[in-house]
Amino acid sequence: MAIKVSEPAWVREFKTFIQRGNVVDLAVGVVIGAAFTTIVGSLVEDIINPIIGLLVGGIDFSNVFVVLSGERQPSLEATRNGGAAVLAIGRFINAIIKFGIVALAIFFLLKLLARFHFTTALEEKAPAGPTPTEKLLTEIRDELRRDAPPSTLPASPGTL
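- The name given to the protein in an unreviewed UniProt entry is Large-conductance mechanosensitive channel, with Roseomonas mucosa as the source organism.
- As stated in UniProt under Sequence similarities (unreviewed entry), the record for the protein gives "Belongs to the MscL family."
- Listed in UniProt under the heading Function (unreviewed entry), the comment for the protein reads: "Channel that opens in response to stretch forces in the membrane lipid bilayer. May participate in the regulation of osmotic pressure changes within the cell."

1. Section: the side chain of Asn49
(1) Moving on: Within the secondary structure layout, Asn49 lies in helix α2 (residues 21–55).
(2) Moving on: Excluding its chain neighbours within four sequence positions, the residues that come into contact with Asn49 are Val44, Phe61, Ser62, Asn94 and Ile97.

2. Concerning the pattern of salt bridges
(1) Moving on: Following the criterion strictly, the structure yields five salt bridges and no others.
(2) Moving on: With its nearest N and O atoms 2.7 Å apart, the salt bridge here joins Lys15 to Glu7.
(3) Moving on: Assessed through its relative accessible area of 43%, Lys15 is described here as partly exposed.
(4) Moving on: Classification of Glu7 as partly exposed rests on a relative accessible area of 32%.
(5) Moving on: When the shortest N-O distance is used, the salt bridge between Glu77 and Arg91 registers 2.4 Å. Of the two residues, Glu77 is situated in helix α3 (residues 76–81) and Arg91 in helix α4 (residues 89–115); the sequence distance between them amounts to 14 residues.
(6) Moving on: Overall, the relative accessible area of 39% leaves Arg91 in the partly exposed class.

About the criteria used
- Numbers given to residues run from 1 along each chain, matching the order in which its sequence is written.
- Since the coordinates come from a predicted model, pLDDT governs what is reported: local features require at least 70, and pairs of side-chain atoms require 80 or more to be given and counted, while whole-chain, interface and lining totals use all residues.
- Each side-chain value is derived from all of the structure's non-hydrogen atoms; neither hydrogens nor water enter the calculation.
- UniProt positions are given in the numbering used here, feature names are shortened, and annotations may be inferred rather than shown by experiment.
- A run of DSSP states H or I qualifies as a helix once it reaches four residues; a run of E qualifies as a strand once it reaches two. Both are numbered from the N-terminal end.
- In this description, contact between two residues means that some pair of their heavy atoms is separated by no more than 4.5 Å.
- Salt bridges are identified by distance alone: a Lys or Arg side-chain nitrogen within 4 Å of an Asp or Glu carboxyl oxygen.
- With a 1.4 Å probe rolled over the protein chains alone, any residue whose accessible area is under 20% of its type maximum counts as buried; one over 50% counts as exposed, and the rest are partly exposed.

What follows is the structure, given as C-alpha cells:
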C-alpha cells in the first residue's frame, strides 16, 4: 500500500514564484551587481585611496586603524592576527566611498532610464479616469434620462 504525501502549499507557491520571469531578472541583476562591486572596489582601493594618501602626506589610507586593546603592528592585518581589538577606520571610509560611487552610478542609470521613459510593471500608471468634460456629459445624460419618459429613450446608449 502506497502512502500518499501531499505537496505543501508553500512548495507550490515557491515553484510558481521561481518560474516567473522576475526571478531570472533578479538573478541577472545580482550577478551584474557583484561584478560592478568588484570594479568599484578596485577603483576605490587602487585609484582613489592612493590619490587621497598622496594628498594627506603618503598615508596608506586603507591601513588607517586605531588599536583598542593589544599590541599595534605595522599593518591592520598583522595587528588583527596578533589578537588585538582594532577599529578599522580606513576600511570603513573605503566602504562609505564605495557606497557613494555605487549610489551615484544607480542614480545616473535611473536618470538615464527615465529620460527614455522606461517603466516597470510597478511603475505603470493606472488608466486615467474620465475627463471633466466626460463627467459633465455623463451627468447631463443621466439627468436627461431621469426627466424623459421611458418610451423616448434609445434601447442602448450607443443607438439613436
